[in-house]
Amino acid sequence: MILGGTGKVEVGKIMRKTMVRPFVFINAAMSADGKISTVERRQTRISGERDFDRVDSLRAECDAIMVGIGTILADNPSLTVKSEKRREERRKARKEENPLRIVVDNKARTPVDSEILNKGEGKRIIAVSKQAIVEDVERLGEKAEILICGKEEVNLRNLLYLLWQRGVSRLMVEGGATLNWSLISQGLVDEIYTYVGNMIIGGENAPTLVDGRGFVVEDAMVKLELLSAEKMDEGILLRWHVSK
Ligand SMILES: NC(=O)c1ccc[n+]([C@@H]2O[C@H](COP(=O)([O-])OP(=O)(O)OC[C@H]3O[C@@H](n4cnc5c(N)ncnc54)[C@H](OP(=O)(O)O)[C@@H]3O)[C@@H](O)[C@H]2O)c1
């Protein structure tokens, strides 16, 4: 059942037999030791110019980009398409300059002055759970569409279904470690691009590509098929298919 409102949508149980969702891929840059930022969760330059351009092209080609609130608070990214030529191509194709940007944000903690809510044209969605306080939701509702989706945390399955209903067929996930775990462990990811940079960051509490609880039983571990490996800048770009 989907309950509609003005600017807010609440999702209860979505009754369906087969999961309908967009094609979902994760893109991330990590150090040679698998860290995606420092122990202080400070953003670090891991890749180079060619890789930045590749990421920009991936952004321009997708319908929507998703990140977790941890990434917004740590990095304050705008997630806009940087190349003027690519923005122009999107306009010619009757799309907005930037893909739909989505924050997975349980408690509506996205700052109203964050780059994602203020930089570049295009729609934004903040997906919150019932944990969010009404005042915070209303405050963010002035800048973005709010989807109330889940009790304790954002129900990603339902969120992906709602995005698919809104015409999102290709979704790019740009982190971070906790959101990556939730999506991968629930079988909601189709491909993963990992750029592996020529550095060691270290630190047992520094975020890795996938954090969360982790798998304990070998059978539960997610298996990948390597689609390509390409030397790029001073590192290597790996493209993985997630086996079902
Ligand atoms: N190198 C790269 O490519 C790259 C890319 C992106 C981010 N990063 C780094 O990754 C770090 C941030 O990662 P993070 O793990 O701290 O945060 P995150 O994955 O960006 O966000 C996780 C948060 O999202 C909220 N959430 C709500 N529903 C969720 C659900 N179903 N599953 C998962 N999360 C849900 C939770 O917020 P509540 O706590 O409010 O419940 C959770 O703590 C930063 O250090 C950033 O620099 C690196």
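Residues numbered from 1 in each chain as written. Predicted model: local features only at pLDDT ≥ 70, side-chain atom pairs only at ≥ 80, totals over all residues. Heavy atoms only, no water.

## As for the overall build of the chain
Then, in step 1: In terms of regular secondary structure, the chain is built from 7 helices and 11 strands.
Then, in step 2: When each of the 244 residues of the chain is scored for burial, the buried share is 47%.
Then, in step 3: The contacts of the chain with a sequence gap of at least 6 include a subset with a gap of at least 24, amounting to 69%.
Then, in step 4: When the accessible surface of the chain is split by element, carbon and sulfur atoms take 51% of a total near 12,700 Å².
Then, in step 5: On the chain, the mean spot of the 39 positive side-chain charges and the mean spot of the 37 negative ones are 4 Å from each other. (Helix = DSSP H or I, 4+ residues; strand = E, 2+ residues; numbered from the N terminus. Buried < 20%, exposed > 50% of the residue type's maximum accessible area, 1.4 Å probe, protein only. Contact = heavy atoms within 4.5 Å. Areas by Shrake-Rupley, 256 points an atom, 1.4 Å probe, with all protein chains shown as cover. Lys, Arg positive; Asp, Glu negative; His and termini not counted. Charge placed at Lys NZ, Arg CZ, Asp CG, Glu CD.)

## Focus: the confidence of the model for the chain
Then, in step 1: Overall, the predicted model of the chain reaches an average pLDDT of 93, with 93% of residues at or above 70.
Then, in step 2: Here residues 1–7 scores under 50 on pLDDT; set against residues more than four positions off or in separate chains, the count is 15 contacts.
Then, in step 3: Here residues 11–17 scores under 50 on pLDDT; set against residues more than four positions off or in separate chains, the count is 15 contacts. (pLDDT = per-residue confidence, 0-100.)

## A short note on unusual backbone geometry
For residues other than glycine, phi is negative in most cases, and the peptide bonds are mostly trans.
Then, in step 1: A cis geometry characterises the amide bond from Gly175 onward to Gly176, with omega recorded as 0°.
Then, in step 2: Mapped onto the fold, Gly176 is located in the loop between strand 8 (170–173) and helix 7 (177–185).
Then, in step 3: A positive phi angle, near 60°, is found at Arg41, a position not held by glycine.
Then, in step 4: By the secondary structure assignment, Arg41 is in the loop between strand 3 (23–30) and helix 1 (49–61).
Then, in step 5: The backbone of Ala108 shows a phi angle near 55°, a positive value even though the residue is not glycine.
Then, in step 6: One can find Ala108 in the loop between strand 5 (100–104) and helix 4 (115–118).
Then, in step 7: Residue Ala108 is classed as buried on the basis of its relative accessible area of 2%.

## As for the environment of Glu230
Then, in step 1: Residue placement: Glu230 occurs in strand 10 (residues 224–232).
Then, in step 2: When its relative accessible area of 34% is taken as the criterion, Glu230 is described as partly exposed.
Then, in step 3: The spacing of Glu230 and Val189 is 41 residues in sequence and 22 Å in space, taken between C-alpha atoms.
Then, in step 4: In contact with Glu230, not counting residues within four places along its chain, are Arg50, Gly235, Ile236 and Leu237.
Then, in step 5: A polar contact is formed between the side chain of Glu230 and the side chain of Arg50, at a distance of 3.0 Å. (Polar contact = N/O pair within 3.5 Å; in protein donor to acceptor, adjacent residues only side chain to side chain.)

## Some thoughts on the pairing of strand 5
Then, in step 1: In terms of burial, strand 5 is a largely internal element, 5 of the 5 residues being buried.
Then, in step 2: Pairing between strand 4 (residues 64–68) and strand 5: 5 bridges, direction parallel. Bridging across to strand 5, Gly68 finds its partner in Val104.
Then, in step 3: When strand 5 meets strand 6 (residues 124–128), the two strands line up parallel, connected through 4 bridges. Note that in strand 6 the partner of Ile102 across the bridge is Ile125. (Pairing = 2+ DSSP bridges.)

## Quick look at the site of the ligand
Then, in step 1: As a structural note, the neighbourhood of the ligand is formed by 26 residues, with Ser37, Thr71, Asn106, Thr178 and Ser182 the closest of them.
Then, in step 2: In this structure, an oxygen atom belonging to the ligand sits 3.2 Å away from a side-chain N or O atom of Arg41.
Then, in step 3: Measuring from an oxygen atom of the ligand, one finds a backbone N or O atom of Gly68 at 3.3 Å.
Then, in step 4: Relative to its unbound accessible surface of 930 Å², the ligand loses 88% to contact with the protein.
Then, in step 5: When atom positions are compared with the pocket grids, the ligand is found to occupy the largest pocket.
Then, in step 6: Classifying every residue of the shell around the ligand gives 11 nonpolar, 9 polar and 6 charged. (Near = heavy atom within 4 Å. 1 Å grid on protein atoms, 1.4 Å probe; cavity = no way out; pocket = protein on both sides within 12 Å on 5 of 7 lines; lining within 4 Å. Sits in = over half its atoms within 2 Å of the grid points. Nonpolar A, V, L, I, M, F, W, Y, C, P; charged D, E, K, R; others polar.)

## Observations concerning the layout of surface pockets
Then, in step 1: In this model, the largest pocket occupies a volume close to 1,400 Å³.
Then, in step 2: Lining the largest pocket are 49 residues, with Thr71, Asp75, Glu174, Gly175 and Gly176 positioned closest to its centre.
Then, in step 3: Top contributing element to the lining of the largest pocket by residue count: helix 7, with 7 residues.
Then, in step 4: For the lining of the largest pocket, the per-class residue count stands at 18 nonpolar, 17 polar and 14 charged. (Points joined across faces, edges and corners; volume = space filled by probe spheres on them.)

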